[in-house]
Amino acid sequence: MDDRPVLMVSEGELIGQRWTLAKDEVVIGRGNDADIVLPERQVSRYHLKIHYHDGRFSLEDLDSKNGTFLNGQQVKGTVGLQDGDEIQIALCVRLLFVGSDATVPLSFDIPRVDGGMVLEENKRTVSIRGRELDPPLSLAQFRLLEMLYDADGSVCDRDDIIEAVWPGTGGLGVSEQAIDALVRRLRDRLAEIDEHNYIVTVRGHGFRLDNP
């Protein structure tokens, strides 16, 4: 039986897919020429690399746009891997690093899609856990939420927000305080239905939507 480590997708479009790490260098990314190709658009073309050297495996982030996280901590440079580690890619894909194929779990519980937040863009309505937000969001609030929702967990910076909420202005007259105030008002509106913090501040980068 193969005793090489295995990567298994526990969250993402390829949930349940697994790969044996048979090479000493494995590149993971969205590019078609990566060793492991992930289809999510938040994943960089060459997102991360897994190395094997001197009997140990390690993980290297390849300056990805949306980051690589190991057991919840963002990876800077190269870090070692251990059996059972969870690798999170661009906040949209989770991989489980398993010591060998012999110990790979047979299946994962696939997350249910109910519960959480649902947007109906044509009606400009927002529902959380089956309850519709009433009165509706303002146009600016809905545009912000729609952008974060479509980003599917990836980080949106302030330039992204300006383009989505105030298109064509180039940010003229839009202050940091205006963006922060808009985010705060949107959080307050969502909290009317659910106390979960849907809009997460990623310091130094922007905001992302945490939609369970």
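Going by what an unreviewed UniProt entry lists, the chain is known as Winged helix family two component response transcriptional regulator and is assigned to Candidatus Promineifilum breve.

With that settled, the discussion passes to the packing of helix H1 (residues 139-151) against helix H2 (residues 158-165). Running from N to C, H1 and H2 cross one another at 130 degrees; their axes reach a closest spacing of 9 Å. On the basis of the axis angle, H1 is oblique to H2. You can see that H1 and H2 cross each other, and the crossing is right-handed. On the side of H1, the interface is formed by Ala140, Arg143, Leu144 and Met147, while H2 contributes Asp160, Ile161, Ala164 and Val165. Grouping the constituent residues of the contact of H1 with H2 by class yields six nonpolar, no polar and two charged.

Attention now goes to the packing of H1 against helix H3 (residues 176-190). Contact geometry for H1 and H3: axes closest at 10 Å, N-to-C directions at 85 degrees. Of the possible angle classes, the one that applies to H1 and H3 is roughly perpendicular. When H1 is examined against H3, the residues Ala140, Gln141, Leu144 and Leu145 are found in contact with a partner set consisting of Leu182, Val183, Arg185, Leu186, Arg189 and Leu190. Residue composition of the contact of H1 with H3, grouped by class: seven nonpolar, one polar and two charged.

So, about the domain arrangement of the chain. Domain annotation of the chain identifies domain 1 (6-98) and domain 2 (117-209). For domain 1 versus domain 2, the distance between C-alpha centres works out to 29 Å. Each partner contributes to the interface: domain 1 provides six residues, whereas domain 2 provides seven residues. For the pair domain 1 and domain 2, the summed buried surface comes to about 510 Å²; carbon and sulfur atoms form 43% of the total. At the junction of domain 1 with domain 2, the criterion picks out zero salt bridges.

Another point: the pattern of salt bridges. For the structure on display, the rule yields nine salt bridges. For Glu86, the salt bridge goes to Arg94, with nearest N and O atoms at 2.9 Å. A residue is classified by how much of its surface remains accessible, and Arg94, at 23% relative accessible area, is partly exposed. Within the structure, one salt-bridge network assembled from shared partners comprises Glu11, Glu86 and Arg94.

Every buried residue of H2 is listed here: Ile161, Ile162 and Val165. Buried residues along H2 cover an arc of 100 degrees about the axis, so they all sit on one side. For H2, the exposed residues set more than 90 degrees away from the buried face come down to Asp159 and Glu163. Tucked inside the fold, the buried residues of H2 contact H1, H3 and strand E16 (206-209). Its side-chain oxygen at 3.1 Å from the backbone nitrogen of Asp159, Asp157 defines the N-terminal cap of H2.

Glancing now at the nonpolar core. In terms of nonpolar packing, the biggest core is built from 27 residues, with Met117, Val126, Leu144, Leu145, Leu148, Leu190 and Ile199 touching the most fellow members. Elements with a minimum of two residues in this core: strand E12 (117-120), strand E13 (125-128), H1, H2, H3 and E16. Residue contributions to this core peak at six residues, all from H1. Counting residues in hydrophobic clusters, the runner-up holds 23 residues, among them Val43, Ile87, Ile89 and Phe97.

A few words on the sheet that holds strand E1 (residues 6-11). Paired through their backbone hydrogen bonds, the strands of a sheet run either parallel or antiparallel. With antiparallel pairing, the six strands of this open sheet are ordered in space as E2-E1-E11-E10-E7-E8. Edge positions in the sheet fall to strand E2 (18-20) and strand E8 (73-74), since each of these pairs with one other strand and no more. Note: strand E7 (residues 68-70) against E8, two bridges, orientation antiparallel. Paired with Phe69 across the two strands is Gln74, which belongs to E8.

So, how was this worked out
Residues numbered from 1 in each chain as written. Predicted model: local features only at pLDDT ≥ 70, side-chain atom pairs only at ≥ 80, totals over all residues. Heavy atoms only, no water. Axes fitted to C-alpha atoms, helices over the stretch in contact; angles between N-to-C directions. Helix = DSSP H or I, 4+ residues; strand = E, 2+ residues; numbered from the N terminus. Parallel < 35°, antiparallel > 145°, perpendicular 65-115°, else oblique. Left-handed = near helix turned anticlockwise from the far one by under 90°. Contact = heavy atoms within 4.5 Å. Nonpolar A, V, L, I, M, F, W, Y, C, P; charged D, E, K, R; others polar. Domains from an automatic or database assignment. Buried area = accessible area lost by both parts, 1.4 Å probe. Salt bridge = Lys/Arg side-chain N within 4 Å of Asp/Glu carboxyl O. Buried < 20%, exposed > 50% of the residue type's maximum accessible area, 1.4 Å probe, protein only. Arc of directions from axis to C-beta. Polar contact = N/O pair within 3.5 Å; in protein donor to acceptor, adjacent residues only side chain to side chain. Core = buried A, V, L, I, M, F, W, Y, C linked by side-chain atoms within 4.5 Å. Pairing = 2+ DSSP bridges.

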